[in-house]
Structure formats: C-alpha cells, structure tokens
Amino acid sequence: MEYPFWDIPLVGGGMLIGIIAILHVFVSHFAIGAGLFLVLTERKARREGDTALLDYLKRHSTFFILVVLVFGAVSGVGIWWAIGLVHPTATSALIHIFVWAWAIEWVFFVIELLAAFIYYYGWNRLDARTHETIGWIYFAGAWLSLFMINGILTFMLSTGKWPETRSIVDAFFNPTMLPSLVVRTAVTIALAGLYALITASAEADESLREKVVKYASKWVLVGMTIIPIGGIWYISRIPDQAREISMGGAPVVTLFAAASIIFSAFVFLATLLGPFLFPRRFHVTFAFVIVALGLITTGVTEWVREAVRKPYIIYNYMYSNAIRAEDTQKVWEQGVLGSAKWALLTEEDKRNPLAMGEKVFRFSCQSCHTVNGFNGIKFAVKGWEKDFLDMQIQKLDQLKGYMPPFLGNEEERKALVEWLYSLNNPPQQTAARP
C-alpha cells in the first residue's frame, strides 16, 4: 500500500505476470538443460568420431542461441517490469531480503551469457577440449543461476524460520528449497530433450534423424521420471494450508493440480510411444505437439504453485494485497484508505459511498480481482444481497481461507458493500423534469 496501483482492465496484473513468467520458465529451464545436452552430446560425438552428430549440434546451438539469448533474455526483463509495476511492495521486499543473493545470481548470469556466446562462436575456432570446457562453464553458470533464483522463489511459499530470525540463510535454505531444486533440475533435463526433438525431427538425413530423435527422447523420459519423485517431496514440505488448498480446499486449484499430473503423463506417454519406440516415423509436427503439451504442463503447474500461496504473496509475511501481516492492527485502526499512500480520498469521495467503495476495492482486492475480466468480481457477486455481501466481507478469511481478511474500518466496509452491490444493480437514475 506504499505505491500507486497499476490497473490492467480485463487481464489483471496477476494474469499478466503469469503469462510472461510461464513463457520465460519454459525457455529459461531449456537454457539450463540445453547446456548439459550440448556439452554431453558433443563429448559423445567426439568420442565416437561422429561428424554428422557434431554438425547437428552446430545447427542446434544456433536454435539454442536464438531462443535463449533473444526470447529468454527479453522475457526475463519483462518479468522484472511486470512484477515491479503489479507488486512493487513485494518486489522491494524480496530485493531487500535477498540483496546479496541477487548480486550472486547476476554474476552467474553474466558468466552464463559470456560462455554461451563463446561456445556458439567457438565451433571450428576452438580446440575440442577448450570448447567442451566452455560448455561446462556455461552449464555451471546457468544451473547456479537457477540455484539462486530457486531459493528466492521457494521462500515466497515457505518462509520457514525467517519471520522469527530475519536471517538470509533461513530465508534462502527454506523448507521447499531442495525439493524444488530437484524438480526444476529434472524439468531442465526434460525440456532439453523436448526442444531437441524439434531440431532433430527436422533433419534431412534419415539415419541421423532417427538416432538423435531416440537419443533426445531419453532425456525427456529421464526428466519426466524424476519430476514426480521430487514433486512428492516438495508437496510434503509446503505449509499445511497450502497443501489443503491444492487437495480440495479450493476446487479450481485442485482441478489445475490434477491437470498438471494428467498433462505430465501425456508428455511421458507421447514421448515413449512416439520418438522413443518409433523414431523412424517421428515427424516434426508430432514434436511440436509434445512441446505444446510440455508448455501446457508448465503453465498449469506454475499456476498451482502460485495459487497455493494464497492468501499471501510472501507466506506469513505479506498478504496478496501488499499489506504486511505485522501491520494488520495498524491498518484496522487507520482504515485501508488511510493506510494507502496513493488513495487520494477527497471530501466528495467521503460523501459518495460508491466512489469510496471503488477505491477500497482497488487497494484491498484488485491485486487478484478485475471488475469484469479474469477473476472478475462482478460475476462472483452476482445475485448477492447487501446483507450477504456484508457477512462475506466480515468473515472473508474464515469463509475463504485463500483470501486475506478485510482490514478496512466499518465505513469502508459498508462503502465496499454498496459498490459491489451496484455492479449488478446499478442505481436508478432520476429522470429530469421537462
């Protein structure tokens, strides 16, 4: 509540972050796994004297550079841009809590970028041993970058002992840090294989295509086998309420969690029954189908990971509407609009409950809800009478455990009720006399 609110009609800030983040995750995890894929496959090709496979790797590395260093880099900047505007308070908190962790991650990221360019331009310029060494340096920098970011992301769901100790060590090595690292590392391996299926299936040489397609499919199957093992460990370490939300506490979240499992199974089976068992018949169209299934799996899984964190943006520290849990008493006393520095409540607003109610909604609810679009509040409260609305708002955190408590004063609560009711029951306009 320390910053202005950025209103994104229809889509909402959360959905905007989600779209950019899912696409970035799908590319950035490929960037890590592809580093391992390239260097291990290069080593295999040189050991076996397979010049055709080396030529394929050169072509695949062009694809790799374009996807990772163009789209991956741009989408990474897009995430910072989006979270800085949609959740500036939470972004500021994560920067301050993990300032040295971010600094370390940026060092690894620079190493990753430099190594990627040297590796790509090093084909036919560097000797084999040096070229492979650069490949290992790239993979190490990329994986260590994931290691750092993973600790920060998992902190948002499992803050562990940090609320008491305020130690960066407790924040970083939180309860879900290691199981999440296992899952994400497995995802990088699977995505390395998925992307390789695209370039391999487009090869003109039939024998090379068959060999690389089968080889790439093994990467997918290995990664997809490890993911559920790490996933079970991860679920066992998340907070109890988050686990309840994913397992029936919020039906929509449960459906998405089930969809994550189902689509993961589809990716595994499609890879097993396609490129692994029948590499000769495998076509580039089928490769894009499997990649699309992988993207859907990534999307629904990331959505569930975000959803189970509710009602917090940083668990047990900051609610999704940017109110710190430790400040709830102060907000109750001052009111939502009295605590929001950019509320700009005028005397006219105070006399108009609809105007006041709209501003209360903006600073209390609109971080998750739009009015008419995604997660739209107008549809959610359709048919609700004022007494029912008032009761729901007063007991918001009790009736809906994934929503924060309403922290406004009585005047703000009644204004919010009036405004919500007016969405589906607009006030009658008095006809002007002739």
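For the structure, see preceding data.
Notes on the structure follow. Along each chain, the written sequence defines residue order, and numbers are assigned to residues from 1. Restriction of local features to residues with pLDDT of at least 70 applies here, the model being predicted, together with a cutoff of 80 or more for giving and counting side-chain atom pairs; totals for whole chains, interfaces and linings are based on all residues. Note: side-chain values were computed over all heavy atoms of the structure, leaving out hydrogens and water.

**Section: the packing of aromatic side chains**
This is how it is decided: Here is the rule: rings of Phe, Tyr and Trp (six-membered ring for Trp) pair when centre to centre is within 6.5 Å. Planes less than 30 degrees apart are stacked, more than 60 are edge-to-face, and the remainder are tilted. The numbering of helices and of strands both runs from the N terminus, where a helix is a DSSP run of H or I of at least 4 residues and a strand a run of E of at least 2. Exposed residues in this analysis have more than 50% of their type's maximum accessible area, buried residues have under 20%, and partly exposed residues fall in between, with area computed by a 1.4 Å probe over protein chains only. When the NZ atom of lysine or the CZ atom of arginine is within 6 Å of a ring's centre and also within 35 degrees of its normal, the charge is said to sit over that ring.
For the structure on display, the rule yields 28 aromatic pairs. A centroid spacing of 4.8 Å and a plane angle of 35 degrees characterise the contact between Phe361 and Trp419, whose relative ring orientation is tilted. Of the two residues, Phe361 is situated in helix α16 (residues 353–364) and Trp419 in helix α20 (residues 410–424); the sequence distance between them amounts to 58 residues. Overall, Phe361 belongs to the buried group, its relative accessible area being 1%. A centroid spacing of 4.9 Å and a plane angle of 85 degrees characterise the contact between Trp384 and Phe388, whose relative ring orientation is edge-to-face. Given the relative accessible area of 34%, Phe388 is considered partly exposed. One cation-aromatic arrangement involves Arg166 over Trp162; the distance from NZ or CZ to the ring centre is 4.4 Å. For Lys214, the ring lying beneath its charged end belongs to Phe276, and the centroid distance is 4.0 Å.

**Some words on helix α1 (residues 13–48)**
Basically, it comes down to this: In this analysis, the expected span of each helix is defined as 1.5 Å times one less than the number of residues it contains. The bend reported for a residue corresponds to the angle between axes fitted to the seven residues ending at that residue and the seven starting there.
Taking 1.5 Å of rise per residue, 36 residues should cover 52 Å, and α1 covers 52 Å from first to last C-alpha, within 8% of that figure. Considering bend angle alone, the principal kink of α1 is centred on Gly33 and spans about 25 degrees. The positive-phi residue at the C-terminal boundary of α1 is Gly49, with phi of around 65 degrees.

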